[in-house]
Amino acid sequence: MNYILLIYEDADAFTARTDPARAATHFAGWQAYAQALREAGVMTGGAALQVPGAATTVRLRDGERLVQDGPFAETKEQLGGFFVIDVPDLDAALAWAARAPAASYGAMEVRPEMSMSH
Amino acid sequence: MDEAARAIEQAARDSYGRLVAYLASRSRDVAAAEDALADAFQAALTVWPQAGVPERPEAWLLTAARRRLIDAARRAGVQRAAVPDLLTLTDEAAQETTATVEFPDERLKLLFVCAHPAIDPALRTPLMLQTVLGLDAARIASAFLVQPATMGQRLSRAKAKIRLAKIRFDLPEPAELPPRLACVLEAIYAAYGSGWDDVAGADPRRRGLAAEAIHLGRLLTRLLPDEPEALGLLALMLHCEARREARRDATGGYVPLTQQDTARWSRPLLAEAEAALASAAPLGRFGRFQLEAAIQSAHAQRRHGPGADWEAIALLYEGLVRLAPTVGALLGRAAAVAEARGAAAGWALLAALPAATVAGHQPYWALAAHLLQRLGRRDAAQDAYTRAIGLSEDAAARAFLAAQAARLA
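Worth saying up front: this structure is predicted, and the values here are computed from it rather than measured.

## Section: the overall build of chain B
When its secondary structure is counted, chain B shows 20 helices and 0 strands. The 409 residues of chain B split such that 50% are buried. A fraction of 66% describes how many contacts in chain B between residues 6 or more apart in sequence connect residues 24 or more apart. Counting every atom, chain B has about 19,100 Å² of accessible surface; 55% of that belongs to carbon and sulfur. Chain B carries 48 positive and 46 negative side-chain charges, and their two centres are separated by 4 Å.

## Regarding the overall build of chain A
Looking only at helices and strands, chain A features 4 helices and 6 strands. Oriented by its inertia axes, the alpha-carbon framework of chain A measures out at about 50 × 45 × 20 Å. Across the 118 residues that make up chain A, the buried fraction comes to 32%. In chain A, the proportion of contacts linking residues at least 24 apart, taken out of those at least 6 apart, comes to 72%. When the accessible surface of chain A is summed, it comes to about 7,100 Å², and 56% of that surface belongs to carbon and sulfur atoms. Charge centroids of chain A, computed over 9 positive and 15 negative side chains, lie 3 Å from each other.

## With respect to the side chain of R243 of chain B
Residue and element names in this part refer to chain B. Within the secondary structure, R243 is located in the loop between α11 (228–242) and α12 (267–280). For R243, which is buried and forms no salt bridge, the nearest opposite charge comes from E274, at a distance of 8.5 Å. Ignoring anything within four residues of it in the chain, the contact list for R243 reads L257, Q260, W265, Q296 and H299.

## Here's the deal with helix α6 (residues 121–133) of chain B
All names here are of chain B. The first and last C-alpha atoms of α6 sit 19 Å apart over 13 residues, in line with the 18 Å expected at 1.5 Å per residue. Counting buried positions along α6 gives 11 out of 13 residues, so the element sits mostly inside the fold. Restricting attention to buried positions, one finds in α6 the residues L123, R124, T125, P126, L127, M128, L129, Q130, T131, V132 and L133. One or two positions beyond α6, positive phi appears at G134, with a value near 75°.

## Quick word on the interface of chain B and chain A
Each partner contributes to the interface: chain B provides 11 residues, whereas chain A provides 10 residues. Of the roughly 910 Å² buried between chain B and chain A on both sides combined, carbon and sulfur atoms contribute 54%. With a shortest N-O distance of 3.7 Å, R168 of chain B and D91 of chain A are connected by a salt bridge. Linking chain B with chain A are 5 residue pairs in polar contact (both at pLDDT 80 or more).

## Some remarks on the pattern of salt bridges
According to the stated counting rule, one finds 23 salt bridges over all chains in the structure shown. As a salt-bridge pair, D12 of chain A and R22 of chain A come within 3.2 Å of each other at their nearest N and O atoms. With a gap of 10 residues between them, D12 of chain A in helix α1 (residues 11–16) and R22 of chain A in the loop between α1 and α2 (23–39) connect regions that are remote in the sequence. Exposure remark for R22 of chain A: the relative accessible area of 30% places this residue in the partly exposed category. R163 of chain B serves as the salt-bridge partner of D29 of chain B, at 3.6 Å between the closest nitrogen and oxygen. You can see D29 of chain B sitting in the loop between α1 (2–27) and α2 (30–51) and its partner R163 of chain B sitting in helix α8 (residues 148–164), a full 134 residues away along the chain. On the basis of relative accessibility, which here comes to 17%, the residue D29 of chain B falls in the buried class. Its relative accessible area of 41% is what places R163 of chain B among the partly exposed residues. Among the charged side chains, a salt-bridge network with shared partners connects D12, D19 and R22 of chain A.

## Side note on the confidence of the model for chain B
Close inspection of predicted coordinates is inappropriate for parts of the model with low pLDDT. Residues and elements named next belong to chain B. Chain-level statistics for chain B give a pLDDT mean of 88 and a share of 90% at 70 or above. Within chain B, the lowest mean pLDDT, 55, falls on helix α4 (residues 83–98), and the highest, 97, falls on α12. Counting interchain partners and residues more than four positions distant, the pLDDT-below-50 stretch residues 198–202 has 8 contacts. Interface predicted TM-score (ipTM) for the complex: 0.76; the corresponding pTM is 0.82.

Rules used throughout
Residues numbered from 1 in each chain as written. Chains lettered and ligands numbered in written order. Predicted model: local features only at pLDDT ≥ 70, side-chain atom pairs only at ≥ 80, totals over all residues. Heavy atoms only, no water. Helix = DSSP H or I, 4+ residues; strand = E, 2+ residues; numbered from the N terminus. Buried < 20%, exposed > 50% of the residue type's maximum accessible area, 1.4 Å probe, protein only. Contact = heavy atoms within 4.5 Å. Areas by Shrake-Rupley, 256 points an atom, 1.4 Å probe, with all protein chains shown as cover. Lys, Arg positive; Asp, Glu negative; His and termini not counted. Charge placed at Lys NZ, Arg CZ, Asp CG, Glu CD. Salt bridge = Lys/Arg side-chain N within 4 Å of Asp/Glu carboxyl O. Expected span 1.5 Å × (residues − 1). Buried area = accessible area lost by both parts, 1.4 Å probe. Polar contact = N/O pair within 3.5 Å; in protein donor to acceptor, adjacent residues only side chain to side chain. pLDDT = per-residue confidence, 0-100.

Take a look at the structure:
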């Protein structure tokens, strides 16, 4: 069963991506995590997202397209990326989420994939 | 007709939780398992009075429920992944009707699912009561003082979460067992607490769940006989339950523990409590519930002699405060120290508690009033009584405190 692990990070974590003093350590943690997912044979997909400042939000209201700079919701912690993993049950998904670097400095949200097969 | 009705009632009482647990563990869908079983009971109500009570009512209900579960799954077009489990269900059920083999007891797994960390803590107890004991939402709602419809919706959402997020029907890994078991124990204790605050039944909206909680506690110790904290929790609940009658005098007035007539304590419940606690000790893992049960056991020693050993009780509370420094434990320690070493020593402990923690806590003000009264600080005692009375939910406790306060004048 597929679970999507959503990575929530605060502004400091987004800064770490481009901070020369911290970027290498920051990404090393994520690379090791992604490698562990691959080696366990559970990774089925994922992506890292650019910073929330690069986001644009679109709504259609009364036929009019409303385009807004910024992410959908201005919250302290923002979606920074996601993994899709295939594991037997929630406990297995939670165990993988707990190992993600963001579990320590931000938060990981675990959502089951909605099956559209029937 | 009467025989059939009795057989159905008996099956509901004895087997409901086992049947739901078994069906849900195979279908991974608690709500569907409950619905299928409700249909099976409905069918029994029409079939049994005519065809007679089947030789094995449980197996009959299981077969009927399983058939409905598979039909419902086919109609809903379940995910491919669930089909093998449903087929297993068919095979096992087929064997059960022919052989005398008992179907496996999956209630422990169901208890762990209900108290899973991914479930809202406030819903763990209601879920257990509904799925394992078969209580309806209205009954649970009355114990937790919410609208029946609201409770029904919350329970439905929790069951949907179990199904959609695919919470595993399995025992936790050994490393995970202690924290997960703690969730189960907390949920059972919360059910007991719901029936304890209102011992007089003064609030007609509220019907306690003490008997149901003890039922779950006994079940858990049978399913996990080597878990000392499960035994400790059972011992704790039984000790409190043994004193239920003695907490009220002939006119319904509140009687504090130290003034209770020990002849009114239930000897069978006390014996069961002591046996549970005694069997926990050799397992060699001490914990909060065993400690709380030991405190109650020390109080109960008063039935054998003149008074309780307050120094021993104070030491046990000292241990409890180190293990779980709840407000209740801190108050218990202060009360025991006041009895063992004098009101001033007890008051010193009370006065050290942060004001913000205790400001709205009725037991704190009741104890403070009592200790200030013993210290001869009349005005401060009067103030504390007023606050305790104002924070009381229970009419009998309010009357008791008012009578104590009247003695000040």
